[in-house]
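# Reading the structure
Given next are the chains, with one letter for each unit.
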Amino acid sequence: MSVVKPEKKQKHDGAVDLMFSDEARFIVMRGDYTAERMLQAAVEQSVISPDHDDWKGARYYQTWYKSSPIGGQGGYSRWNHPRDTPCRGAYFASVLEWD
């Protein structure tokens, strides 16, 4: 199944976050962007340093995320659930994921 992309720009497009789970790390950029543009924006927004190279070999994909608060359990204050389709409160993002 292919991901349904938004037809117009969303409010926070271009914002970059570095996210972590127990299994992987993620550079998440809100909106429809290439991996190269994501890395450039991550450096410009001081999310990663220019010599950061952990992302080499990272898996690139795009998805919708629904952010849900989880009350700080396990060190996380919110969790982003990937989705194939948009829903109320979801945002579209380009993602680089690595171990």
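Residues numbered from 1 in each chain as written. Predicted model: local features only at pLDDT ≥ 70, side-chain atom pairs only at ≥ 80, totals over all residues. Heavy atoms only, no water.

### Here we look at the overall build of the chain
Put simply, the rule is: Runs of E in the DSSP output that reach at least two residues are strands. Runs of H or I that reach at least four are helices, and both are numbered from the N terminus. Only protein chains enter the accessibility calculation, which uses a 1.4 Å probe. A residue is then buried if its area is under 20% of the maximum for its type, exposed if over 50%, and partly exposed in between. Every residue pair with non-hydrogen atoms within 4.5 Å of one another is taken to be in contact. Methods summary: accessible areas were calculated by the Shrake-Rupley approach with a probe of 1.4 Å, and residue burial reflects only the protein chains presented.
For the chain, the helix and strand inventory stands at one helix and five strands. The helix and strand sequence of the chain, counted from the amino end, reads β-β-α-β-β-β. Within the chain, the proportion of its 99 residues that are buried is 32%. By sequence separation, contacts in the chain at least 24 residues apart represent 63% of the contacts at least 6 residues apart. When the accessible surface of the chain is totalled, it reaches about 6,400 Å², and 49% of it is carbon and sulfur.

### A word on the pattern of salt bridges
Worth spelling out the cut-off: Between Lys or Arg on one side and Asp or Glu on the other, a salt bridge is scored when a side-chain nitrogen of the former is within 4 Å of a carboxyl oxygen of the latter.
Under the defined criterion, the tally for this structure stands at three salt bridges. Its salt-bridge partner being Lys5, residue Asp32 comes within 3.5 Å of it at the nearest N-O pair. You can see Asp32 sitting in the loop between β2 (25-30) and α1 (35-44) and its partner Lys5 sitting in the segment before β1 (16-20), a full 27 residues away along the chain. Classification of Asp32 by relative accessible area gives partly exposed; the value is 44%. Overall, the relative accessible area of 43% leaves Lys5 in the partly exposed class. Arg37 is the salt-bridge partner of Glu44, the closest N and O atoms lying 3.6 Å from each other. For Arg37, a relative accessible area of 32% translates into the label partly exposed.

### Let's talk about the packing of aromatic side chains
Think of a pair of aromatic rings as described by two things: how far the centres are apart, and how the planes are tilted against each other in angle. Spelled out, the test is: Classification of ring pairs uses Phe, Tyr and Trp, with its six-membered ring standing for Trp, and accepts pairs whose centres are within 6.5 Å; under 30 degrees between planes counts as stacked, over 60 as edge-to-face, and the remaining range as tilted.
Applying the stated criterion to the full structure yields two aromatic pairs. Ring centres of Trp64 and Phe92 lie 5.4 Å apart, and the angle between their planes is 65°; on these two criteria the pair is classed as edge-to-face. With Trp64 in strand β3 (residues 59-69) and Phe92 in strand β5 (residues 90-98), this residue pair connects regions lying 28 residues apart in the sequence. Take Trp64 and Phe92: they sit in the same class, and that class is buried.

### Structural notes on the confidence of the model for the chain
Spelled out, the test is: Looking at any residue, its pLDDT shows the predictor's confidence there, from 0 to 100.
Across the chain, the average pLDDT comes to 85, with 89% of residues at or above 70. Within the chain, no element has a lower average pLDDT than strand β4 (residues 78-83), which sits at 72, and none a higher one than α1, at 94.

### Let's talk about the pairing of β1
Keep this limit in mind: Any two strands between which DSSP finds at least two bridges are classified as paired.
Summarising the sheet, β1 and β2 pair through five bridges and their orientation is antiparallel. Residue pairing for β2: Val16 is matched across the bridge by Met29.

### Comments concerning the nonpolar core
Selection criterion: Among buried residues, the Ala, Val, Leu, Ile, Met, Phe, Trp, Tyr and Cys ones that are joined through side-chain atoms within 4.5 Å form a nonpolar core.
Core analysis: the biggest nonpolar cluster contains twelve residues, these being Val16, Ile27, Met29, Tyr33, Ala35, Met38, Leu39, Ala41, Ala42, Ile48, Leu96 and Trp98. Looking at this core, the elements with two or more residues in it are β2, α1 and β5. Here this core takes five residues from α1, the largest share from any one element. When near neighbours in sequence (up to four residues on either side) are disregarded, Ile27 contacts Val16, Asp17, Leu18, Met38, Leu39, Ala42, Ile48, Ser94, Val95, Leu96 and Trp98. Within the second largest apolar cluster, nine residues are counted, among which are Met19, Tyr61, Tyr91 and Val95.

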